[in-house]
Amino acid sequence: TPAANAMRTIIDGSKAVAETAGKEALRAAMASYFGSHPTTKSVIEAAMADGPFIVVRERAEWTSKDGPRAQRSVAVYELRDSLIRRVWYYPAYR
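Parameters and conventions
- Residues numbered from 1 in each chain as written.
- Predicted model: local features only at pLDDT ≥ 70, side-chain atom pairs only at ≥ 80, totals over all residues.
- Heavy atoms only, no water.
- Helix = DSSP H or I, 4+ residues; strand = E, 2+ residues; numbered from the N terminus.
- Buried < 20%, exposed > 50% of the residue type's maximum accessible area, 1.4 Å probe, protein only.
- Areas by Shrake-Rupley, 256 points an atom, 1.4 Å probe, with all protein chains shown as cover.
- Lys, Arg positive; Asp, Glu negative; His and termini not counted.
- Charge placed at Lys NZ, Arg CZ, Asp CG, Glu CD.
- Pairing = 2+ DSSP bridges.
- Salt bridge = Lys/Arg side-chain N within 4 Å of Asp/Glu carboxyl O.
- pLDDT = per-residue confidence, 0-100.

Trainee: Hey, could you go over the overall build of the protein for me, with residue numbers and the actual values?
Mentor: Along the protein, the regular secondary structure elements total 1 helix and 6 strands. The helix and strand sequence of the protein, counted from the amino end, reads β-β-α-β-β-β-β. Its C-alpha atoms put the protein at 45 × 30 × 25 Å along the principal axes. The buried share among the 94 residues of the protein stands at 24%. When the accessible area of the protein is evaluated, it comes to approximately 6,200 Å², of which 56% is carbon and sulfur surface. Charged side chains in the protein number 14 positive and 10 negative. The centres of these two groups are separated by 3 Å.

Rendered as structure tokens:
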């Protein structure tokens, strides 16, 4: 099934690294991230859909020991049967 083959890829300059492969690995990675950063909230500021792809600009906000922090990033989601098939994350910026 498409969700069983879900993949999360990090894009960094000229490199693309598959960080997770499979639905459970993707779910575990997201649960681990938000579990270890409990103050993090992610808000979609803009989105565009084209076929099975959705491009989003996300703003992440959290509280660090130095106070409130925030950053933005762009991600591309590929959906199949209303489930995430692949995600590509691009470097964050402020």
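Trainee: I'd love a proper account of the pairing of strand 5 (residues 67-80), names of residues and values included.
Mentor: Looking at chain direction, strand 4 (residues 53-64) and strand 5 are connected through 12 bridges and run antiparallel. For V55, the partnering residue across the bridge sits in strand 5 and is V76. With antiparallel pairing between neighbouring strands as the criterion, strand 4 and strand 5 make up a hairpin whose turn holds 2 residues. Inspection of the sheet shows strand 5 paired to strand 6 (residues 83-89) by 6 bridges, in the antiparallel sense. Each residue of the ladder has a partner; that of E78, found in strand 6, is R86. Taken together, strand 5 and the strand that follows it, strand 6, pair antiparallel across an intervening segment of 2 residues, in which D81 is found at a positive phi of about 55°.

Trainee: An account of the pattern of salt bridges is needed here, citing residue identities and associated values.
Mentor: One pass over the full model with this rule turns up 6 salt bridges. One salt bridge connects R72 with E45, and the closest N-O pair in it is separated by 2.7 Å. In this pair, R72 sits in strand 5 while E45 sits in strand 3 (residues 41-50), placing the two residues 27 residues apart along the sequence. In this structure, E78 and R86 form a salt bridge, with 2.7 Å as the shortest nitrogen-oxygen distance. Exposure remark for E78: the relative accessible area of 3% places this residue in the buried category.

Trainee: How would you summarise the confidence of the model for the protein if you had to cite specific residues and measurements?
Mentor: Per-residue pLDDT for the protein has a mean of 87; in total, 96% of the residues score no lower than 70. The least confident element of the protein is strand 1 (residues 7-12), whose mean pLDDT is 78; the most confident is strand 3, at 96.

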